[in-house]
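Fold and geometry: a report
Chain residues, written in single-letter form:
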Amino acid sequence: MKKLLGLVCCSILALNSFGQNIKDGGIAIIPEPVTLSKTVGEFVLPKKVIIVTSTQPELKQAIALLHDRLSIPTGSHVSVLNSSAVATVRLILNKKADTVLGKEGYRLSVTKKGIIIRANEPAGLFYGAQTLVQLFPKEIVGNIVKNIRWVSPCVQITDYPRFKWRGLMFDVARHFFTKAEVEQYIDNMVKYKFNLLHMHLTDDEGWRVEIKSLPRLTTVGAYNVKKVGYFGTFAAPGPDEPRTYGGFYTQDDIRELVQYAKERFVNILPEIDVPGHSLAAVVAYPELSCTPGADQYHVRSGEKFMEFTKDGIKAGIDNTLCPANEKVYDFLDKVLTEVAQLFPFGYIHMGGDECAKNFWEKSPEIAALMQKEGLKTQEEVQSYFEKRVEKIVESKGKKFLGWDEILEGGIAPDAIVMSWRGMKGGIEAAKMGHEVVMSPTTFAYLDYMNGDPAIEPHVYETLRLSRAYEFDPAPDSVNSKLIIGGQANLWTEQVYNVRHLEYMTWPRAFAISEAVWSPKSRRNFDDFFSRVEKHFDRFNVAETKYAPSVYDPIFTFKSLPDSSVQVEMATEVKGLDIHYSFDNSFPDQFYPKYTAPLIVPKEAAMLKVITYRGDKQVGRMIYLPAKMLKDRATGKNNNE
Ligand code: ACM
């Protein structure tokens with residue numbers, strides 16, 4: 001009777017939360033689950049933990065995750081049993097499918113007595129386990145035993161994704177990252193229920209996947225000259241500078257990566273970016289070029305060679321494969337035969353973006369092809385190429401996918417479009433009946449600066465967390481059935497190491513995870529940010545880097561008629577104070593607080609600003625020299 005009474009109380013007191021208010025028991029789950037009810041009480045982790053589950057190999061990672069997290073930082077002893085009347089955590093694969101959950105959903109019940117996760121498929125149990133880890137104190141992600149209360153609030157959660165394609169793109173071509181580093185990236189992405197890793201494997205700076213029938217792709221094409229600084233501005237390397245920087249994945253590496261990802265319910269989408277962005281391939285096999293002299297080219301080391309103007313893209317050297325050359329299609333057939341065998345995922349991404357056509361315009365072979373095929377524009381030449389490539393991809397049993405440029409000049413019949421130049425291309429493709437993955441620069445480009453250029457490592461654009469949070473892969477105007485999902489893209493021209501890779505990914509990938517997993521109706525930036533801060537704490541414990549840029553101010557500059565400069569400042573999140581100085585000294589919470597637009601004193605050398613929450617510094621010291629203020633006010637170098 002007592003037990004029954006407890007149960008009744010639990011259900012009466014259940015708080016059906018709309019958005020998780022972290023004040024209610026510290027719950028801070030990302031991505032936001034579909035439904036979460038907090039019930040009264042807490043679950044206390046015992047010293048002896050019993051996980052009861054079946055032994056399918058597909059459950060290995062869910063079990064490993066729970067085993068490690070419930071033992072390493074807690075000091076508890078965890079045993080995993082096939083059956084037992086008592087269980088601390090029970091993982092149950094439904095015998096009869098729960099139609100609400102689909103393939104990746106789960107129900108998680110945490111009561112005082114124990115924890116049950118149910119799902120139709122192993123992926124659901126894995127995601128349920130990830131959510132469970134987020135319910136315990138932040139120290140759960142650490143690797144040092146902590147003597148704290150290991151408790152989780154009691155909750156009932158039902159959860160499943162909004163989209164089946166929840167991706168992150170990792171450019172391993174501009175800078176090479178090792179297999180272990182890619183695995184580490186996968187480990188972090190699955191904590192936030194991403195299920196698709198798009199590997200950008202080829203570009204002007206390197207070819208990263210071994211193709212046994214074309215060995216020069218990696219013996220020659222995988223290496224350039226190491227340069228440090230602002231990629232894109234480097235001087236051309238001299239003939240004696242060693243071309244030893246880079247690397248590639250052997251076919252065994254790829255098989256291991258694919259297996260690693262698969263065990264964590266991640267598909268790897270390989271991208272072979274053609275016909276543009278192909279300098280590494282052209283250097284390895286110059287006969288693939290339309291342009292005489294390609295045998296003198298080198299794999300790019302970050303020197304400037306493309307111009308993006310309103311009239312189009314111009315390359316200084318011909319970094320394209322030649323659509324008029326039959327050898328190119330034989331080459332791609334060989335590449336795709338091996339790529340299709342290496343990557344079991346059903347799609348191959350064939351790039352198609354930013355193809356400079358200024359060398360094609362001068363090529364007699366291209367002119368002859370245009371005549372023969374009745375092609376009127378260079379876009380139609382690319383479209384001819386894409387349609388032939390689609391056939392090759394399909395001959396390997398795969399679906400053909402490309403960036404939204406593949407729409408130009410006529411899209412291949414069954415192509416899937418990845419929309420990056422905003423949502424427009426994706427909407428257009430969906431209207432034509434093509435499947436679409438949304439990954440627009442406007443919301444989902446992780447290579448863009450996290451905040452103000454005065455403090456961020458320089459890139460030509462900024463994408464703030466709050467803007468990323470506005471990403472909706474399927475706006476109401478589109479037939480959402482054809483939007484199979486969304487992803488964020490991390491290009492690595494300016495990313496030289498793993499710590500910076502993490503800085504560029506998080507917290508914006510939290511926002512993207514919510515865009516592709518959580519119901520639209522449950523999304524709210526203030527609530528989201530309160531949870532993000534809890535995950536910052538977790539990242540600190542896990543020693544994973546993230547960008548704190550969300551705490552730094554947003555500046556607006558204006559040039560006044562008397563040519564003085566006005567500065568307006570705002571914060572991206574609520575509850576912060578901005579303190580500033582014009583006298584070169586370092587402001588703190590005792591300095592003037594920004595309340596209204598400021599006029600820069602005529603002879604001031606610099607503005608320094610910092611943000612506080614109460615008496616706690618949260619932002620970084622930002623230094624803006626007077627010249628920068630003037631330039632930005634007058635529209636010069638707005639992003640510098
Ligand atoms: C792209 O960002 N060039 C797809």
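One can find the structure itself at the top, above this paragraph.
Residues numbered from 1 in each chain as written. Predicted model: local features only at pLDDT ≥ 70, side-chain atom pairs only at ≥ 80, totals over all residues. Heavy atoms only, no water.

Here's the deal with the overall build of the chain
Each helix and strand counted, the chain has 17 helices and 29 strands in total. Rg of the C-alpha trace for the chain: 27 Å, near the compact-globule value of 26 Å for 640 residues, within the 12% margin. Projected onto the principal axes, the alpha-carbon positions of the chain cover approximately 90 × 70 × 50 Å. Burial status across the chain gives 58% buried among its 640 residues. The contacts of the chain with a sequence gap of at least 6 include a subset with a gap of at least 24, amounting to 70%. Here the chain has roughly 26800 Å² of accessible surface; of this, 55% comes from carbon and sulfur atoms. (Helix = DSSP H or I, 4+ residues; strand = E, 2+ residues; numbered from the N terminus. Rg over C-alpha atoms; globule rule 2.2 N^0.38 Å. Buried < 20%, exposed > 50% of the residue type's maximum accessible area, 1.4 Å probe, protein only. Contact = heavy atoms within 4.5 Å. Areas by Shrake-Rupley, 256 points an atom, 1.4 Å probe, with all protein chains shown as cover.)

Some details on the state of the cysteines
The final tally for this structure, using the stated rule, is one disulfide. Two residues share a disulfide in this structure: Cys290 and Cys322, whose sulfurs sit 2.2 Å from each other. Linking Cys290 and Cys322, the disulfide has an S-S dihedral of approximately 90° and is accordingly described as right-handed. You can see Cys290 sitting in the loop between helix H7 (279-284) and strand E16 (306-309) and its partner Cys322 sitting in the loop between strand E17 (312-315) and helix H8 (326-342), a full 32 residues away along the chain. This pair shows no difference in class: Cys290 is buried, exactly as Cys322 is. (Disulfide = S-S within 2.5 Å.)

Focus on the layout of surface pockets
Within this model, the largest pocket holds a volume of roughly 1000 Å³. In terms of lining residues, the largest pocket is bounded by 38 residues, among which Phe231, Phe308, Tyr460, Glu493 and Gln494 are the most central. Of all the secondary structure elements, the ones that give two or more residues to the lining of the largest pocket are E16 and helix H14 (498-505). It is E16 that contributes the most residues to the lining of the largest pocket, three residues altogether. In terms of residue class, the lining of the largest pocket is built from 15 nonpolar, nine polar and 14 charged. (1 Å grid on protein atoms, 1.4 Å probe; cavity = no way out; pocket = protein on both sides within 12 Å on 5 of 7 lines; lining within 4 Å. Points joined across faces, edges and corners; volume = space filled by probe spheres on them. Nonpolar A, V, L, I, M, F, W, Y, C, P; charged D, E, K, R; others polar.)

A word on the sheet that holds strand E24 (residues 565-570)
If you trace the three strands from one edge of the open sheet to the other, you get E23-E24-E26, paired in antiparallel fashion. With partners counted over all chains shown, the strands left at the sheet margins are strand E23 (554-559) and strand E26 (598-599), one partner each. Examined bridge by bridge, E24 and E26 share two bridges and lie antiparallel to one another. Bridge pairing in E26 links Val567 to Leu598. Strands E23 and E24 of the sheet are contacted by helix H17 (residues 626-633), whose axis makes an angle of about 75° with E23. (Pairing = 2+ DSSP bridges. Axes fitted to C-alpha atoms, helices over the stretch in contact; angles between N-to-C directions.)

Section: the environment of Ser395
Summarising the element assignment, Ser395 is placed in helix H10 (residues 378-395). A sequence separation of 58 residues divides Ser395 from Thr337, and the C-alpha atoms of the two residues are 9.0 Å apart.

A short note on the sheet that holds strand E22 (residues 483-490)
One key point about sheets: their strands pair by backbone hydrogen bonds, in either a parallel or an antiparallel sense. The strand order E9-E10-E15-E18-E19-E20-E21-E22 describes a closed barrel built from eight strands, whose pairing is parallel. Going from strand to strand, the sheet's axes swing by 30° on average, the running direction of each strand aside. As judged from the two bridges shared by strand E15 (residues 267-274) and strand E18 (residues 347-351), these two strands associate in the parallel manner. By the bridge assignment, Glu271 is partnered in E18 with His349. Contacts from helix H15 (residues 508-517) reach strand E9 (165-171) and E22 within the one sheet, and its direction differs from that of E9 by about 150°.

Digging into unusual backbone geometry
Across residues other than glycine, the phi torsion is negative in most instances, and most of the peptide bonds are trans. Here the bond from Ile30 into Pro31 is cis, since omega is -5°, no more than 30 degrees from zero. Tracing the sequence through the fold places Pro31 in the loop between strand E1 (15-16) and strand E2 (35-44). Cis geometry is adopted by the peptide bond preceding Pro507, which originates at Trp506 and carries an omega value of 10°. Relative to the elements of secondary structure, Pro507 occurs in the loop between H14 and H15.

Details of the pattern of salt bridges
Summed over all chains, the structure comprises 38 salt bridges. In this structure, Lys574 engages Asp526 in a salt bridge whose closest nitrogen and oxygen atoms are separated by 2.4 Å. Here Lys574, found in the loop between E24 and strand E25 (577-581), pairs with Asp526, found in helix H16 (residues 525-542); they are 48 residues apart in sequence, far enough to count as distant. Judged by its relative accessible area of 63%, Lys574 is exposed. Sharing partners across several salt bridges, the network here consists of Asp171, Arg174, Asp203, Glu205, Arg300 and Glu493. (Salt bridge = Lys/Arg side-chain N within 4 Å of Asp/Glu carboxyl O.)

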